[in-house]
Amino acid sequence: MCGILGLLAPGAHPHLAELLPLLAHRGPDDAGCHADADVFLGARRLSVIDVAGGHQPLSVEGGQVWVVQNGEIYNHPALRGELEALGHVFRTRSDTEVIAHAYAAWGDDCVRRLRGIYAFAVWDAARRRLLLARDRFGVKPLYYAELPGGGLAFASEIRPLLALRRQGARANTAALRALFALGFVPSPLTAFEGIAKLPAAHTLAARAGQVRLARYWDLPGPVRNGSRRESAAEAVEGFGAHLARAVSEQRMSEAPLGALISGGLDSASIAALLAAELRAEAGEPVHTFNIGFEQPGYDEARFAALTARRLGVRHHQVRFGAADFDRYPEIVARLEEPQCSATALPIYRLYQACRAAGLVVILTGEGADELLGGYHWFQGDARARRLFVWPAPLRRLAAASPLPISAAGRRVLRSGEASALARYALWQRPGEAETSTVFVPDLRRQAGGLDVWLAGLDGAGGWRDPFRQFQYFEARTRLVDFINFEVDRMSMAHSIEARVPFLDHELWEYAARLPSSLLTSGRPKFLLRAAMRGRLPAEVLARRKQGLAAPHAAWLRRTRLPEWAEVALSPAALVGTGYFEAAEVGRLRREHQARRANHARVLMGVLSTQLWHGLFVAGGP
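Residues numbered from 1 in each chain as written. Predicted model: local features only at pLDDT ≥ 70, side-chain atom pairs only at ≥ 80, totals over all residues. Heavy atoms only, no water.

A. Broad picture of the pattern of salt bridges. Evaluation of the coordinates by the stated rule reveals 41 salt bridges. Between Glu82 and Arg113 there is a salt bridge whose closest N-O contact spans 2.8 Å. One end of the pair, Glu82, is in helix α1 (residues 76-85); the other, Arg113, is in the loop between α2 (95-106) and β6 (116-124), with 31 residues separating them in the sequence. When its relative accessible area of 36% is taken as the criterion, Arg113 is described as partly exposed. Note that Arg589 and Glu566 form a salt bridge whose closest N and O atoms lie 3.1 Å from each other. Here the residue Arg589 occupies a position in helix α25 (residues 582-593), and Glu566 occupies one in helix α23 (residues 563-568), the gap between them amounting to 23 residues. For Glu566, a relative accessible area of 13% translates into the label buried. Through salt bridges with shared partners, a single network forms among Arg115, Arg245, Glu249, Asp504 and Glu506. (Salt bridge = Lys/Arg side-chain N within 4 Å of Asp/Glu carboxyl O. Helix = DSSP H or I, 4+ residues; strand = E, 2+ residues; numbered from the N terminus. Buried < 20%, exposed > 50% of the residue type's maximum accessible area, 1.4 Å probe, protein only.)

Following this line, the structure appears as structure tokens:
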């Protein structure tokens, strides 16, 4: 795992090595760079595979192919054997060298053969061509910018690109509008004008001033009629085998490794599979970590401890309290973009504890909810669609009733929206009501990033059934731009490599071949519950999803917030940044404090944007 950066532009650029310390937290163990007349490549390395020999940048073919990589290629031993059979000679045991030889053998198509989490750059010196690539689910980040004077720069984080652009950072107001419409900034947008995310499952090829993006993988659709359908028992066995294989591959490490246990099913399943493998091989217990909360409604520590006792692991408990919110400015600085949540805070604390215990690699449970429909909007949308046959007045009456329906569910029910993508956007919207009113009039009149997002996905997944459509939208959008983004930034803040077995693409391709009924009938996550029966406590197997969250709604109801937050939300500060209507923000705060409405996500979005502006736009990188 590393932090990488580079520049493709005429002229030597050895001075760019001065920017590598900006990525030191991503790679504290080693640093290296390569520069020639047209390109600079730099890397900070977190040593996990081939600790002694995996220095980057790395070259093959007599210096004609250079590579820097952030991530891990889990199938690199098999690819190495295949490449050796083709005559390639390896100097190291590193997976980065496998990428270099794979490019030399198969060109851009090499990326289709990789199984792992990665963002890498290949410099083809003979063709004077740069290739960037990002893994299928965007677990590893990669940003790029076309520079005003010509050239293309890229980096694992945004700060090096701000330094390279040598002009004041400016807010991308379309991205801010999208943030308040969806709860995340969708790819390829970032909160900064002129800086883009390379979308997941994409390559970018740059040569002679031309830049071309291409998608190299997409989530497959359902099997066609006539194909053999697996029985439920076969599906449980197949799903379990794919997941076990993913965990087995992803425990590959020369550095200390452990797992998270939230108290729910997903992370407990990964920990159980990992613990069984390590116990059988070395007889040593796995280190596991959980974060508990002072506020009871958020706390899953009891279930995490129950799982830990069943697995016989060495368990570490972290506690989260109201005082931890004082770390929020630091969190925004680490994220480099605003958010409509505070979940990054407990995630930061978790990985901080992992590093303090001496661990470097952590397996975690992200991706199961997206794959298996664990989020409440999967079930909620199915229930709402059944009522779309009702006349609109009757639906509006039901939406306004005292029935236990979430604010998002009421929005969807009122809408009767036929478009799955439009409904998905309604489920994701942060506020109970229209959120654009929080912006100043000029911003309200501008086209928002939501339009870009909708246009980019228009028609995508339309031939799938409703469950598969939501699954597809999750995999293409929120998973990449919120879940994986947050985990990467908070883990790498402590030089921890977070691995996600549920995001093994072959596991997803296997699940795509199964009938949707196996994923939607009965209890959510039927396949996983059945596959893990006998491995986890019955109480954990039977639990409903709770999910990791920070109690920011209660924190925002305080009569007075910490001084830094009050200053950021003051009318003078809001007028100064120029994004938000001070009177509207004040109204939302009063309603939230009086419990007349829950505006927590919108208010966190305002607070984080104000802090972000002070850190990056007004204060510079």
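B. Highlighting the layout of surface pockets. Space inside the second largest pocket adds up to approximately 320 Å³. Taken together, 23 residues line the second largest pocket, and the ones lying closest to its centre are Ser187, Pro199, Arg215, Leu457 and Arg476. Counting only elements with at least two residues in the lining of the second largest pocket, the list comes to α16 (449-457) and α17 (466-492). In terms of residue class, the lining of the second largest pocket is built from 14 nonpolar, 4 polar and 5 charged. (1 Å grid on protein atoms, 1.4 Å probe; cavity = no way out; pocket = protein on both sides within 12 Å on 5 of 7 lines; lining within 4 Å. Points joined across faces, edges and corners; volume = space filled by probe spheres on them. Nonpolar A, V, L, I, M, F, W, Y, C, P; charged D, E, K, R; others polar.)

C. Inspection of helix α4 (residues 173-182) at higher detail. Most of α4 is tucked away, with 10 of its 10 residues classed as buried. Residues of α4 that are buried include every one of Thr173, Ala174, Ala175, Leu176, Arg177, Ala178, Leu179, Phe180, Ala181 and Leu182, and no others. A positive backbone phi angle near 95° is found at Gly183, which sits one or two residues after α4.

D. Fine view of the pairing of strand β5 (residues 65-73). Most of β5 sits inside the fold, with 9 of its 9 residues counted as buried. By the bridge criterion, 3 bridges tie strand β4 (residues 58-60) to β5 in an arrangement that is antiparallel. Along β5, the bridge assignment pairs Leu58 with Val67. Between β4 and β5, which pair antiparallel in sequence order, lie 4 residues; one of them, Glu61, sits at a positive phi of approximately 55°. (Pairing = 2+ DSSP bridges.)

The values reported here are purely geometric and, on their own, carry no functional implication.
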